[in-house]
Every structure is written in structure tokens, then in C-alpha cells.
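The lines below spell out each chain.
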Amino acid sequence: METGRVEAFSDGVFAIAITLLILTVDPPRHGRGIALAHELLRLWPAYLAYLVSFLTIGIIWVNHHTVFRQFGQVDRTLLFINVFFLLVVAFIPFPTRVVAEFARSGDDRRAAAVLYGATMTLMGLLFLVLWLYGSRRLLRPDADQREVSGITRSFVPGTPTYAAGTLLALVSPIASLVLFGALALFYVASSSLFARA
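Here, residues in each chain are numbered from 1, in the same order as that chain's written sequence. Only residues with pLDDT of at least 70 are given local features in this predicted model, and only at 80 or more are side-chain atom pairs given and counted; all residues enter the totals for whole chains, interfaces and linings. Computation of side-chain values: all heavy atoms of the structure, hydrogens and water removed.

Draft legend 1. Structural view of the confidence of the model for the protein. On average, residues of the protein score 90 in pLDDT, and 95% of them reach the 70 mark or higher. Per-element mean pLDDT across the protein ranges from 78 in helix H9 (residues 173-196) up to 98 in helix H4 (residues 76-91). On a scale of 0 to 100, pLDDT captures the predictor's confidence in every residue. Helix and strand definitions follow DSSP, with helices as H or I runs of at least four residues and strands as E runs of at least two, each counted in order from the N terminus.

Draft legend 2. Here's a closer look at the pattern of salt bridges. A pair is scored as a salt bridge if a Lys or Arg side-chain nitrogen falls within 4 Å of a carboxyl oxygen belonging to Asp or Glu. Tallying each qualifying case throughout the model produces six salt bridges. Note that Arg 69 and Glu 147 form a salt bridge whose closest N and O atoms lie 2.5 Å from each other. Placement of the pair is Arg 69 in helix H3 (residues 44-69) and Glu 147 in helix H7 (residues 145-155), with a sequence separation of 78 residues. Using a relative accessible area of 8% as the deciding quantity, one classes Glu 147 as buried. Notably, a salt bridge pairs Glu 101 with Arg 97, separated by 2.8 Å at the nearest N-O pair. Taken together, the residues span about one helical turn, with Glu 101 and Arg 97 both in helix H5 (residues 93-102) at a distance of four residues. Buried residues are those whose accessible area, probed at 1.4 Å on protein chains only, stays under 20% of the maximum for their type, while exposed residues exceed 50% and partly exposed ones sit between those limits. In this structure Glu 101 comes out as partly exposed when scored by relative accessible area, which is 44%. Since its relative accessible area comes to 29%, Arg 97 is described here as partly exposed. Ionic contacts of the salt-bridge type, sharing partners, join the residues Asp 26, Arg 97 and Glu 101 into one network.

Draft legend 3. The nonpolar core, seen in detail. What makes a nonpolar core is a set of buried Ala, Val, Leu, Ile, Met, Phe, Trp, Tyr and Cys residues whose side-chain atoms join them at distances within 4.5 Å. Residues Ile 60, Val 67, Phe 68, Leu 78, Phe 85, Met 123 and Leu 130 are the most contacted members of the largest nonpolar core, which totals 48 residues. Mapped onto this core, the elements with two or more residues apiece are helix H1 (4-20), H3, H4, H5, helix H6 (106-137), H7 and H9. A total of 10 residues in this core trace back to one element, the largest contributor, which is H6. Between two residues, a contact is recorded if the distance between any of their heavy atoms is within 4.5 Å. The contact partners of Phe 68, leaving out residues within four places of it in the chain, are Thr 3, Val 6, Glu 7, Val 74, Leu 78, Asn 82 and Leu 130.

Draft legend 4. Inspection of a nonpolar patch on the surface at higher detail. A patch is a set of surface residues, each over 30% in relative accessible area and not in a salt bridge, joined within 9 Å for like charges and within 5 Å for the nonpolar side chains Val, Leu, Ile, Met, Phe, Trp and Tyr. We get accessible surface area from the Shrake-Rupley algorithm with a probe of 1.4 Å; when it comes to residues, only the shown protein chains can shield them. A surface patch of nonpolar side chains, about 960 Å² in accessible area, is lined by Leu 36, Leu 40, Trp 44, Tyr 47, Leu 48, Leu 51, Leu 55, Ile 174, Val 178, Leu 185 and Val 188. Contributions of two or more residues to the nonpolar patch are made by helix H2 (36-41), H3 and H9. The biggest single contributor to the nonpolar patch is H3, with five residues. Note on Val 178: relative accessible area 53%, which makes it exposed.

Draft legend 5. Inspection of H4 at higher detail. Helix span is expected to be 1.5 Å times the residue number reduced by one. For H4, built from 16 residues, the straight-helix expectation of 22 Å at 1.5 Å per residue is met to within 8% by its first-to-last C-alpha distance of 23 Å. For H4, the complete set of buried residues consists of Leu 78, Ile 81, Asn 82, Phe 85, Leu 86, Val 88 and Val 89. Viewed end-on, H4 has its buried residues packed into an arc of 155°, placing them on one side of the element. Turned more than 90 degrees away from the buried face of H4 sit Arg 76 and Leu 87, all of them exposed. Looking at the buried positions of H4, the neighbouring elements they touch are H1, H3, H5 and H6. What the arc describes is the spread of directions from the helix axis to the C-beta atoms.

Draft legend 6. Just the packing of H1 against H4, in detail. Axis lines are fitted to C-alpha atoms, over the contacting stretch for helices. Their N-to-C directions set the angle, which ranges from 0 to 180 degrees. Where H1 contacts H4, the two axes come as close as 9 Å, and the packing angle between them is 10°. Here H1 is positioned roughly parallel relative to H4, judged by the angle of their axes. When H1 is examined against H4, the residues Val 6, Phe 9, Ser 10, Val 13, Phe 14 and Ala 17 are found in contact with a partner set consisting of Leu 79, Asn 82, Phe 85, Leu 86, Val 89 and Ala 90. When residues are grouped by polarity, Ala, Val, Leu, Ile, Met, Phe, Trp, Tyr, Cys and Pro land in nonpolar, Asp, Glu, Lys and Arg in charged, and all others, Gly among them, in polar. Taken together, the residues of the contact of H1 with H4 break down into 10 nonpolar, two polar and no charged. When an angle is under 35 degrees it counts as roughly parallel; over 145 it counts as roughly antiparallel; between 65 and 115 it counts as roughly perpendicular; any other value is oblique.

Right, dumping it as C-alpha cells:
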């Protein structure tokens with residue numbers, strides 16, 4: 001099977017997941033006796049969670065296309081790996097909302113950051129499995145080996161860094177979320193490098 005149908009289906013899942021992220025930002029409630037401007041400023045965790053998750057899903061989408069551009073075809077195993085990968089991508093809006101709601105509240109903040117980190121770690125692991133399986137069995141005959149090696153190297157820090165960020169959440173949830181944001185920026189840069197390769 002050619003990759004076009006897989007990419008089209010995946011694009012639909014990415015589009016829905018990234019659209020659902022805006023639901024993580026709830027407008028302030030009326031009648032609390034506090035100025036709207038103050039209430040809008042208090043929503044900073046929701047804005048930050050939205051931004052990091054939007055960037056992350058956007059980068060995953062870009063890199064998903066980069067990865068599938070290397071494949072000449074797909075097989076049944078890759079289809080199922082992709083389905084499980086997309087299952088986690090579609091789940092990202094939920095931990096994003098949890099982080100947005102509980103980022104300011106003590107122990108709940110820790111649990112929210114661990115949930116977010118565990119989701120991102122699983123997503124990174126499944127994306128790595130998808131790439132490793134496809135790059136060993138389904139590469140196009142004319143695939144540029146420098147680009148293939150570059151993609152493989154870019155996957156190396158992902159899962160361990162997400163796992164480290166998840167563990168860091170047990171000590172400092174805010175530092176953990178900052179690390180996840182930094183990882184998103186790393187993948188923006190590495191994705192740009194692939195585009196020039």
C-alpha cells in the first residue's frame with residue numbers, strides 16, 4: 001500500500017487533536033467581583049499549556065510527513081503502529097487541559113505534570129518505534145541516507161528527555177513543563193534542518 005492514504009488519515013487525526021487544544025483555555029467566569037484583566041492574566045498556565053501542546057502536535061505533524069516521505073510503501077504492521085501512535089496524539093488535549101487547570105495547585109500540579117509527561121513519553125516512544133520499524137523495512141530505494149541518519153539521530157533525545165521530564169515533575173512540575181517546552185523548540189530546529197537536507 002502506498003503512503004498517501006495513511007498520511008491523509010493521520011492528517012485528520014492531527015487536525016482534530018490540535019483543534020481540541022483550544023478547549024483547554026476556559027474563559028473567566030462572570031460575577032466573581034474581580035476585574036476581567038486580572039482573571040485573564042491568571043489563565044497563564046492554560047495559555048502556556050496550549051502553546052506547548054500546539055507546538056508539539058504541529059512539530060509531530062511536520063516530522064510525520066518527513067518520516068513518511070522516506071517510506072516507499074506501508075505494510076499492516078506499520079499501519080497498526082501508526083494507529084497506536086495517533087491514539088496517543090489524539091489524547092494530548094486531555095493532559096493539556098489537566099495541566100491548564102491544576103498548574104497552580106500544589107500536589108495536583110505534580111500529578112498533572114506527571115500525566116502530561118507520561119503521555120508525551122508514550123507518544124515519543126511510539127513515534128520512535130514507527131520510525132525504526134519503517135526505516136528498517138519500508139524505505140524508498142532512493143531514500144537519502146544522510147537524511148535517514150539525521151532523522152534517526154533526532155529521535156535519540158526525544159523519549160529519554162520526555163521520561164526525564166516526567167520524573168522531574170515529581171520534584172518540580174513547573175521545571176518539567178519548561179523542559180517539555182524546550183524539547184518542542186528543539187524539534188522545531190531539527191525539523192527545519194531536515195527541510196534543508
